[in-house]
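# Observations on the model geometry
One-letter residues, chain by chain:
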Amino acid sequence: MISKRALAVLLAGFAIGSPLTASAQTQLRAFVSSQHRPDVWRKAFDLYEARNPGIKVGLETGGNTSDAQAQYLNTVMTAKDTSLDVLILDVIRPAQYAAAGWTVPFNEVIGSDTAAYMQRYLPAYAEANTIDGKVVALPAFADAMFLYYRKDLLEKHGVNPPQNWDELAVSAKKILGAEKSENLQGLSFQGKAIEGAVCTFLLPYWSMGKQLVSNGKLSFDRDTAVKSLKLWKDFADQGVAKKNIAEVATDDTRKEFQAGNVVFAVNWSYAWGQFQGPESAVKDKVGVVKLPAVAGGSSVSCLGGWEWGVSTYSKNKTEAQKFVQFLSSPEISKFMAINAALLPQFPDVYADAEVVKAVPWFAQARAVVDTAKSRPVTPRYNEVSEIVRTTVNAVLAGTVTPEQGADQMEGRLRRVLR
Amino acid sequence: MTAAASQKQGSAQAQSRNGGSLWLRVLDPGERTLALLLLAPTALLLALIIVYPVGRLIWTSVHTLSLTSGAPAVFSGLENYQLMLEDPVFWETTRNTVLITLITVPGALVVGLCLALMANLPFRAKWPVRLSLLIPWALPLSFAGLIFAWFFHSEYGVVNDVLRRIGLPGVIWFNSAGWAFAAICLTIIWKTSSFMALIILAGLQTIPRSLYEAADVDGAGRLRQFWEITLPLLRPSIVVALIFRTITALQTFDIPFTMTRGGPGTATATLAMYIHQNTVDFLDLGYGSALAVVMFALSMIVTALYLRMIRARG
């Protein structure tokens, strides 16, 4: 009897209590990429919860590469799943998500002057997240590609960090010749058919002043493309890069450099923290500078970074957007720079005294992020990316010549970007 | 009682008699009706899980439907098929698929036949042989792909290690279209020949001993016995094994996907992988469906050819 009465009371409690708690508590759920320190993001979420007692934020994480996460989120969004409110997106995706109608614009939440609001960010991120006047996502953090080099080896052989790729080849050959170590590679970059290989192709292409896409139309320059593909292929043929460079992914470059087997490496900012870690064979022997240019061209980097978007299928869009505004604030940018070594999306944060103290090399990183270029902005980016990276991979493997590769790339890109 | 009324009554009686026979017919149906009734659930189920999806696939293939555009499906006739004909990657992946089929099906048949003949020898301990036949077959395809990707790894792989030990230079397998293709074909043959062997072994055991004894008496040698007795009597098992193997070969996905992801470039990508890429990665359901329709047609043609072959040979 008692248990029956207890049950009745309990049921009554639920009946009365649940609508009350629902109105008092908003439950949000955010997807964070596992390679970007979800543990530190969690602390930022806690801070928001403490300041907004009515809101609880759950954290979901998964996949370890941009490609894997995109596949997962594709499934969630095509299923119109309401369980995720906030999504972290690689910088190449906000345009695609906006075109698919998967994210809600921030214009209303921001208010009248969206231009001024976006001007606070580094220009590249203001641009990447604004499509036809709509703010489709807000920057989470910045990133770019850098040239890492072995300070100790360069000093030992009296070589300066290279200004262009030709100088790099000469320096690498000099060091390799003198060191006579079988395991040592002159240069490591991404030749596997992964997202990073898109940047591999674009770095020299951009350096020669050409664009792949202009105003949504293909502006492919065949000669520049051939030169870009040939530049990388020559590194492999001349023994500066290793023969199986077509098998090398981003984290392979990081691991091989970290093991002390690479003189020069092209990689993202995340590698720096790992090189200084306890398992690194190159701790305190690493220098980082802006990427070399093509002789006669300018130095450019590939723009990385991730953005916060709010799902169209979220049941608490406004609350989610306010939460994203908090995550994309100078305060959290500074917090993440200090605690997770993520590059800030605000120019001022680079100069912040505490940030400079915690991650001194960010002072030089600012200039690199400033010159970084965005990969083509198009709703069909996945296809563009696949075409570019498989071509880079095929050329490096010697399946096709740089000339054939450029022709194939152009033909296939024309189909996608008509 | 008027004539009209009696007529009405009569017809009512006839109706009830008819109704009765209808009931009777339901309760005690003829053989044909019974057969239809018993087949109905299966037919419905098949309609639901085969006819509907295939119909839907064909419907999607004549529409422009890309989930990344946010736009609803628009009828576009044969445009997707037109695009396909002009798509170099479609032709390359189709060629790769056909090549894989032409190499690995006979390859697996020969290896499987040898394995089956060996397993059929009078061993004292049969189970270790049978078990080792089963293991490759029982291993999931993607596992086999991942394991062999390591075997063929240019620096840490066991294959290159063996090559170097016997004084040959190592090969960067996945760095060249030809070697990568060879590595994939070898893996597929290893993975699928045990399936062939199992079916052929079952066939071998149905061949009566007495035939061989009679051949011995007539003075036929081992090789002659194989050509004249074993092979002809194995034909039905071999055809069955070939049908299954050919269809799965046309749908090859897991092993190249896990070993090379289709690389270098698109040199080892198959049609199934290209369908997956267009639908799952690019969310271009229209084009992906058109590709899938082509693969479906290809499988149907091959199956029809085999079936005709069986019928022709009786």
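Reading the values: the criteria
- Residue numbers restart at each chain and count upward from 1, following the sequence in its written direction.
- As a convention, the first chain written is A and the first ligand written is 1, with the rest following in written order.
- pLDDT decides what is reported in this predicted model: residues at 70 or higher carry local features, side-chain atom pairs at 80 or more are listed and counted, and totals for whole chains, interfaces and linings draw on all residues regardless.
- Numbering of helices and strands starts at the N terminus; helices are DSSP runs of H or I of at least 4 residues and strands are runs of E of at least 2.
- The globule rule used for comparison is 2.2 Å times the number of residues to the exponent 0.38, while the radius of gyration itself is calculated over C-alpha atoms.
- The contact rule is simple: place each C-beta atom from the backbone, and if two of them lie within 7 Å, those residues are in contact.
- Residue ranges for the domains originate in an automatic or database domain assignment.
- Under the grouping applied here, Gly and all other residues not named as nonpolar or charged are polar, the nonpolar ones being Ala, Val, Leu, Ile, Met, Phe, Trp, Tyr, Cys and Pro and the charged ones Asp, Glu, Lys and Arg.
- pLDDT is a residue-level measure of predictor confidence that goes from 0 to 100.
- A set of buried residues qualifies as a nonpolar core if it consists of Ala, Val, Leu, Ile, Met, Phe, Trp, Tyr and Cys joined through C-beta atoms within 7 Å.
- Put simply, a residue is buried when 20 or more other C-beta atoms lie within 10 Å of its own C-beta and exposed when 12 or fewer do; between those, it is partly exposed, and each C-beta is set from the backbone.
- The pairing criterion is simple: DSSP has to find at least two bridges between the two strands.
- Every angle, taken between N-to-C directions, lies between 0 and 180 degrees, and every axis is a line fitted to C-alpha atoms, over only the stretch in contact when it is a helix.

Let us now look at the overall build of chain A. In terms of helices and strands, chain A carries 20 helices and 15 strands. Taking 418 residues into account, the globule formula puts the C-alpha radius of gyration at 22 Å, and chain A, at 24 Å, falls close to it. Summarising the internal contacts of chain A: among those between residues at least 6 apart in sequence, 73% fall at separations of at least 24.

Further remarks concern the domain arrangement of chain B. How big an interface is tends to be reported as the loss of accessible area on association of its parts. Residues and elements named next belong to chain B. Assigned domains within chain B: domain 1 (3–61) and domain 2 (82–313). Taken together, the contact between domain 1 and domain 2 spans four residues of the former and six residues of the latter. Partitioning the side of domain 1 that touches domain 2 into residue classes produces two nonpolar, two polar and no charged.

A separate point is the confidence of the model for chain A. Summarising the model, chain A shows a mean pLDDT of 90, and 94% of its residues fall at 70 or more. The low-confidence segment residues 13–22 of chain A (pLDDT under 50) makes zero contacts with residues lying over four places distant or belonging to another chain.

Contacts between chain A and chain B engage 25 residues on the former and 21 residues on the latter. Among the secondary structure elements, those contributing two or more residues to the side of chain A that touches chain B are α3 (66–78), α4 (94–100) and α19 (381–396) of chain A. Here the side of chain A that touches chain B takes six residues from α19(A), the largest share from any one element. Taken together, the residues that form the side of chain A that touches chain B break down as eight nonpolar, 13 polar and four charged.

Counting 168 residues, the largest nonpolar core has V86(A), Y148(A), L202(A) and F264(A) as the members making the most contacts within it. Non-local contacts of Y148(A), meaning those with residues more than four positions away in its chain, are made with F257(A), A265(A), N267(A), A271(A), V286(A) and V288(A). The next biggest cluster of nonpolar side chains, apart from the first, holds 13 residues, and it includes L271(B), M273(B), Y274(B) and V293(B).

Our focus in this paragraph is the environment of I175(A). Residue and element names in this part refer to chain A. Mapped onto the elements, I175 comes out in helix α9 (residues 165–179). Overall, I175 belongs to the buried group, with 21 C-beta atoms counted inside 10 Å. Spatially, the C-alpha atom of I175 lies 7.7 Å from that of L154, the residues being 21 residues apart in sequence. Look past the residues within four positions of I175 in its chain and what remains in contact with it is L153, H157, V159 and V263.

A few words on the sheet that holds strand β6 (residues 138–141) of chain A. Whether parallel or antiparallel, the strands of a sheet pair through hydrogen bonds between backbone atoms. All names here are of chain A. Pairing within the open sheet is mixed, and its five strands lie in the order β2-β1-β3-β14-β6. Only two strands of the sheet have a single neighbouring strand rather than two, namely β2 (55–62) and β6. With strand direction ignored, the average angle separating the axes of adjacent strands in the sheet is 30°. The pairing of strand β3 (residues 86–90) with strand β14 (residues 306–310) spans five bridges and is classified as antiparallel. The residue bridging D90 from the neighbouring strand is W306, located in β14. This element, helix α2 (residues 38–51), spans β1 (26–33) and β2 of the sheet and lies at about 170° to β2.

Take the domain arrangement of chain A next. Residue and element names in this part refer to chain A. Looking at chain A, the domain boundaries give domain 1 (2–142 + 305–373) and domain 2 (145–302 + 380–416). Contacts between domain 1 and domain 2 engage 14 residues on the former and 14 residues on the latter. Taken together, the elements giving at least two residues each to the side of domain 1 that touches domain 2 come down to α3, α4, α18 (362–371) and β15 (372–373). Ranked by residue count, the leading element in the side of domain 1 that touches domain 2 is α18, at four residues.

Glancing now at the sheet that holds strand β11 (residues 262–268) of chain A. Residues and elements named next belong to chain A. Across the sheet, four strands lie side by side as β8-β11-β7-β12; this open sheet has mixed pairing. Looking at the sheet topology across the chains shown, the edges are occupied by β8 (185–188) and β12 (286–289). On average, each strand axis in the sheet is inclined to that of its neighbour by 20°, with strand direction left out of account. For strand β7 (residues 145–150) and β12, the ladder comprises four bridges, and the chain directions are antiparallel. Within the sheet, the bridge partner assigned to Y149 lies in β12 and is G287. Most of the contacts of α9 go to β8, to which it runs at about 145°, and overall it touches β8 and β11.

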